[in-house]
Amino acid sequence: MPIIDQIAFPILFFWFLGLLLSFFRKDLEPHWKFFFFLVFCFYLVQFFPEFIAGINRWKLDPKKEILLWLEGISKALYVFLFLLWPLVLIRIFYTSANNLSKTVIPLLAYTTIAYWALFLVWSLYSKEWSDFFQNLVPESK
């Protein structure tokens, strides 16, 4: 299953929640709220088939869908870190403020190390983790 099929539903769901919360901010100007809404609508239309497929999979088997989310988001995080590292390193070189280096470098470094550690644990114990998540919620009768 392609990664976008795995993560379209949770990403668009959380995006919708963030959009709703941004509408309640009084310090944001209305044109920004409208722009946020347009961007959300664009991606919703773009990934609508994957979104609906995720909803249908959720209705059939929520536990399996959550496992797919974890797998898909971990793959997306891997690609995101791969793309972000060179951009941040170039940005750090060209910045004149030292605050960027003091905040972004540790955050990115610790995020990468945490991802690698979780990836190692997942790869060593993937069968056990899958069994744990499958048995986490008992089947309803």
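Whatever comes next refers back to the structure up there.
Rules used throughout
- Residues numbered from 1 in each chain as written.
- Predicted model: local features only at pLDDT ≥ 70, side-chain atom pairs only at ≥ 80, totals over all residues.
- Heavy atoms only, no water.
- Helix = DSSP H or I, 4+ residues; strand = E, 2+ residues; numbered from the N terminus.
- Buried < 20%, exposed > 50% of the residue type's maximum accessible area, 1.4 Å probe, protein only.
- Contact = heavy atoms within 4.5 Å.
- Salt bridge = Lys/Arg side-chain N within 4 Å of Asp/Glu carboxyl O.
- Axes fitted to C-alpha atoms, helices over the stretch in contact; angles between N-to-C directions.
- Parallel < 35°, antiparallel > 145°, perpendicular 65-115°, else oblique.
- Left-handed = near helix turned anticlockwise from the far one by under 90°.
- Nonpolar A, V, L, I, M, F, W, Y, C, P; charged D, E, K, R; others polar.
- Core = buried A, V, L, I, M, F, W, Y, C linked by side-chain atoms within 4.5 Å.
- Phe/Tyr/Trp six-rings, centres within 6.5 Å; stacked < 30°, edge-to-face > 60°.

Caption draft 1: Just the environment of Gly54, in detail. Within the secondary structure layout, Gly54 lies in helix α3 (residues 48-60). Given the relative accessible area of 0%, Gly54 is considered buried. Residues in contact with Gly54, not counting those within four places in the same chain, are Phe9 and Glu65.

Caption draft 2: Region of the structure containing the pattern of salt bridges. Applying the stated criterion to the full structure yields three salt bridges. Between Glu65 and Arg57 there is a salt bridge; the shortest N-O distance is 2.8 Å.

Caption draft 3: Region of the structure containing the side chain of Thr112. Take Thr112: it is sitting in helix α5 (residues 98-124). Excluding its chain neighbours within four sequence positions, the residues that come into contact with Thr112 are Leu81 and Trp85.

Caption draft 4: Inspection of the side chain of Glu65 at higher detail. If you trace the backbone, Glu65 turns up in helix α4 (residues 62-94). The contacts of Glu65, once residues within four sequence positions are left out, are Gln6, Gly54, Arg57 and Trp58.

Caption draft 5: Up close: the packing of α4 against α5. Contact geometry for α4 and α5: axes closest at 11 Å, N-to-C directions at 150 degrees. Relative to α5, the element α4 is oriented roughly antiparallel. Handedness of the crossing formed by α4 with α5: left-handed. When α4 is examined against α5, the residues Ser74, Leu77, Tyr78, Leu81, Leu84, Trp85, Val88, Arg91 and Ile92 are found in contact with a partner set consisting of Leu100, Ser101, Val104, Ile105, Leu108, Ala109, Thr111, Thr112 and Tyr115. For the contact of α4 with α5, the class distribution of residues is 13 nonpolar, four polar and one charged.

Caption draft 6: Region of interest: the nonpolar core. By size, the foremost hydrophobic cluster in this structure holds six residues: Phe9, Leu12, Leu19, Phe40, Phe51 and Trp69. If near-sequence neighbours (up to four positions away) are discounted, Phe40 is found in contact with Leu12, Trp15, Phe16 and Leu19. With five residues, the next largest nonpolar core counts Val88, Ile92, Leu108 and Tyr115 among its residues.

Caption draft 7: Focus on the packing of aromatic side chains. Following the criterion strictly, the structure yields 13 aromatic pairs and no others. Note on Phe9 and Phe51: the rings are 5.5 Å apart at their centroids and 50 degrees apart in plane angle, and the pair reads as tilted. Remark: Phe51 occurs in helix α3 and Phe9 occurs in helix α1 (residues 3-23); sequence separation between them is 42 residues. The same class applies to Phe9 as to Phe51, namely buried. Between Trp32 and Phe35, the aromatic rings sit 6.3 Å apart at their centres with planes inclined by 85 degrees, giving edge-to-face as the arrangement. Here Trp32 and its partner Phe35 are both found in helix α2 (residues 30-46), three residues apart, which amounts to about one turn of the helix. Looking at Trp32, the relative accessible area reads 42%, which means it is partly exposed. By relative accessible area, Phe35 is classed as partly exposed at 44%. Through successive ring pairs, a cluster of aromatic residues spans Phe9, Phe13, Phe14, Phe51, Trp58 and Trp69.

Note that every value here comes from positions in space, so none of it alone points to a role or purpose.
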